[in-house]
Structures are given as structure tokens and as C-alpha cells.
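What the coordinates show
One letter stands for each residue in the lines below.
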Amino acid sequence: MQLLRRGDSGPGVVEIRSTLRRFGLLPAAAAHGLHEDVFDADVEQAVRAFQQQRGLITDGIVGPATYRALREAGWQLGDRMLALMISAPMSGDDVVALQERLLELGYDPGRPGGVFDEQTEAALKKFQREYGLVPDGLCGPATLRSLRQLGRKVTGGRPRLLREQELLRQAGPRLRGKRIVVDPGHGGPDRGVVAAGVAEADIVWDMARRLVGRMTATGMDAMLSRQEDTCPSETERAEFANGAGADLVLSLHTDANRSMHAQGLATFHFGNGSGATSTVGEALAGFIQRELLIRTGLQDCRTQARTWELLRLTRMPTVRVEIGYLTHIGDRRRLLDPAFRDIVAEGILVAVKRLYLLGQDDQPTGTFTFSDVLARELERGGAQAI
């Protein structure tokens, strides 16, 4: 779709204004209706407020992600029949509400990311079967009545949090056998950020190869989400990870800003700002952030929740790492240094190891080395063999 920003005009702006008013982010339209088709400062401010609420980049521009979020935010549970649509999956706040309700009742639709997928359908059918309804996987009036009449089964915490933590505990501390998808951003004709002749796609491709090599050495089943000359969409990358049955996804990027002073490191995990979050993803993002800050000295741009496609559509914990700004001369100089990229790869690997250790036999941040990780894996492997 065409990007809409301050200064633009047309029917698309009228639609955006109307949607923002329904969410209480813009005042009622003036009686005379002047300038309704103009994207002015008030609209930009309202778009920024909406983006902040939804875990999107707060740039005040209505692009595909923001437009999708505006459309999905308009649905409430009961507005329409919900069902699994293979070719064009249904998505919206009504799907989020359904997923959260199923979780409260003790069923597992997966992460409440707002997409009606196979796992959501399976959880809904199980609910219908156990409560004497036709298990057709359709969320219609009869199913809605039953959902609203029943009290919670799961109390005293967030049920998805408990499930994620239990899966992590069951996985055990060893890295061997863990399946990881490493996702170098952009690729092929999409070069990502380009500054002073340096392309993001090339930097993160090299970094991803270094990370995969180290992971493979520990016995992990590590794979890349793309080839050097391809650029799958975010949805395709998520489908690849889901189809591979990955335990974790690590997406590598660099950042950019119009200000030459913007610099630093940030990590992102799934979270929609209203309580739905990937708790293991948040924990892993924190480990990566702290390890890389200690090892690289990059400026701390913190760990943040977002609803970007890859974070939202993957079924497993996913973290996006923004490693420096190519538009900052200092960050760019470091990213061009192969030794620095080795440090980043080691730091991410150690963060993954610390996640699975669950605080047992851990070491202080920044002190674990690749050799330490290999030694730990060999010790555990030998002990189990005996």
C-alpha cells in the first residue's frame, strides 16, 4: 500500500481519520468537514499514539504494519464468525480476545498474537468437545455464549508464561539438539540500511554465518532463514521457523537514523502492550542485551516489546537484535571489523546458553567464553555417556 504521512491527502487519509476517531485518538469531525482528507499534525500525533499503544515503531507514518494494526484493532469478539482460513488467516483483536479466553480456561492456543491458526483451531475444538458443543472449530454465537459463561480455570499467574517456562525447563541445560533459526535481515535485492557504501544485508549475513558456525560446533541444529541472494518476507521467515519446529529464532539487523548521533544496541521480543507477551523471548532478549553491552561497550537502547510480523507470527520465542547504527560512524567502523562480529556472535551464543541454564551453574555476565560453552557441553555429554 502507499505510505501515508504528514502533508499527504486523499480518501486514504479520510479512512485513517475515521478509524482514529473510533479509538478516541482524534476529536469528532467538524460540522463543515474541511480538511478531512489532509494528513496534518493532529493526525500524525494520533498515529504516533496508536503506534505506541500497539508496539509499533512510532514514526507517525501509516505503512503496511500500522494500517494492518488499525484494521485489526477495529474487531471485537463477537463482531464476526472466527474460523481457520488457510489461504488468508483471520487476524484482529477479536482473535486475541478468543486466544486469551481459551488460555484462561486452560486450553493452549499458543501465543495470543491475534492470528487464527491451526493451534488456535485445535484449542477451540478441544474446548467445544469438552463442553458439549459441536467441535467444528468455528467461533460463533453458541461458542461465544459458553466462553462468556464459564469462569477461569487457570489463576494466580499468566497461563502462557507457565507453559513457556515449563517447556524451557523440560528442554534441559544442554545446547546439543536445540534447533535454532538464525535470521539475517533483508538480503538479495533488499540491501536494508546502506551508509557510506556499507549494506546492512552484507553485515548481518556475515554475522549470521559466524553465529551458525559456533552453534553447530556445540551440537545445536542451527539453520539460516534465507540464502545470501534471497529476501523472504517476514511472513515467509516465520513460516520457515514454524515449519522447522525451531526452539528459538534470532533475527539480526543493524539500525539507521537521520541523526548522525543515533547509536547503540537494542533487542526486541513479542509484546502487544496489553499484557500478551513472550516471556521466554523477553528473558532471552535481556540476556542478549546484557551480554553484548558488556562485551562491546555499545550504547544501551534497551530491550523492548514489539508486534512486528516475525515476532508475532512465530510460535517459538523470537528475538530481534539491532546491532549498532550504520549511520553512526563509530558503530559502522566497529561493524566493519571481523573481530567485533566474532564478539557479537559469541555473546549471542552465550546468552542462549544462559537462557537454558535457568540460573544453575551460571557465570557473571560477560565472563562466559565460547571455549567455556564447548567445555560445558563436552562435560555433560561425557557424563551422560558414562
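Located above this text is the structure these notes cover.
Residues numbered from 1 in each chain as written. Predicted model: local features only at pLDDT ≥ 70, side-chain atom pairs only at ≥ 80, totals over all residues. Heavy atoms only, no water.

**Things to note about the packing of aromatic side chains**
On inspection of all chains with the given rule, the structure shows 4 aromatic pairs. Measuring from ring centre to ring centre gives 5.8 Å for Tyr107 and Phe127, while their planes differ by 85°; the resulting arrangement is edge-to-face. Of the two residues, Tyr107 sits in the loop between helix 4 (93-104) and helix 5 (118-130) while Phe127 sits in helix 5, which places them 20 residues apart along the sequence. Residue class for Tyr107 comes out buried when judged on its relative accessible area of 3%. (Phe/Tyr/Trp six-rings, centres within 6.5 Å; stacked < 30°, edge-to-face > 60°. Helix = DSSP H or I, 4+ residues; strand = E, 2+ residues; numbered from the N terminus. Buried < 20%, exposed > 50% of the residue type's maximum accessible area, 1.4 Å probe, protein only.)

**What to know about the pattern of salt bridges**
Within this structure, the stated rule accounts for 26 salt bridges. In this structure, the salt-bridge partner of Glu309 is Arg68, at a minimum N-O distance of 3.1 Å. Within this pair, whereas Glu309 is found in helix 11 (residues 309-313), its partner Arg68 is found in helix 3 (residues 64-73), the two being separated by 241 residues in sequence. A relative accessible area of 22% means that Glu309 is categorised as partly exposed. For the salt bridge of Arg169 with Glu166, the shortest nitrogen-to-oxygen distance reads 2.6 Å. (Salt bridge = Lys/Arg side-chain N within 4 Å of Asp/Glu carboxyl O.)

**Brief notes about helix 8 (residues 200-217)**
Think of an α-helix as 3.6 residues a turn; residues three or four steps apart then line up on the same face. When the terminal C-alpha atoms of helix 8 are compared, their 26 Å separation across 18 residues agrees well with the 26 Å that a helix rising 1.5 Å per residue should span. Within the span of helix 8, buried status applies to Glu200, Ala201, Ile203, Val204, Trp205, Met207, Ala208, Arg210, Leu211, Val212, Arg214 and Met215. One or two steps after helix 8, the chain reaches Gly219, where phi turns positive at roughly 100°. (Expected span 1.5 Å × (residues − 1).)

**Considerations on the packing of helix 8 against helix 13 (residues 338-357)**
Geometry of a packed helix pair, given as the angle between the helix axes and the separation of the axes. Contact pair helix 8 / helix 13: the axes reach a minimum separation of 9 Å and the direction vectors enclose 50°. In terms of orientation, helix 8 and helix 13 fall into the oblique class. Seen along the crossing, helix 8 lies across helix 13 with a hand that is right-handed. Every residue of helix 13 that contacts helix 8 at Ile203, Asp206, Met207, Arg210, Leu211, Arg214 and Met215 is listed here: Pro338, Arg341, Asp342, Val344, Ala345, Glu346, Ile348, Leu349 and Val352. When the residues that make up the contact of helix 8 with helix 13 are grouped by side-chain class, the tally is 10 nonpolar, no polar and 6 charged. (Axes fitted to C-alpha atoms, helices over the stretch in contact; angles between N-to-C directions. Parallel < 35°, antiparallel > 145°, perpendicular 65-115°, else oblique. Left-handed = near helix turned anticlockwise from the far one by under 90°. Contact = heavy atoms within 4.5 Å. Nonpolar A, V, L, I, M, F, W, Y, C, P; charged D, E, K, R; others polar.)

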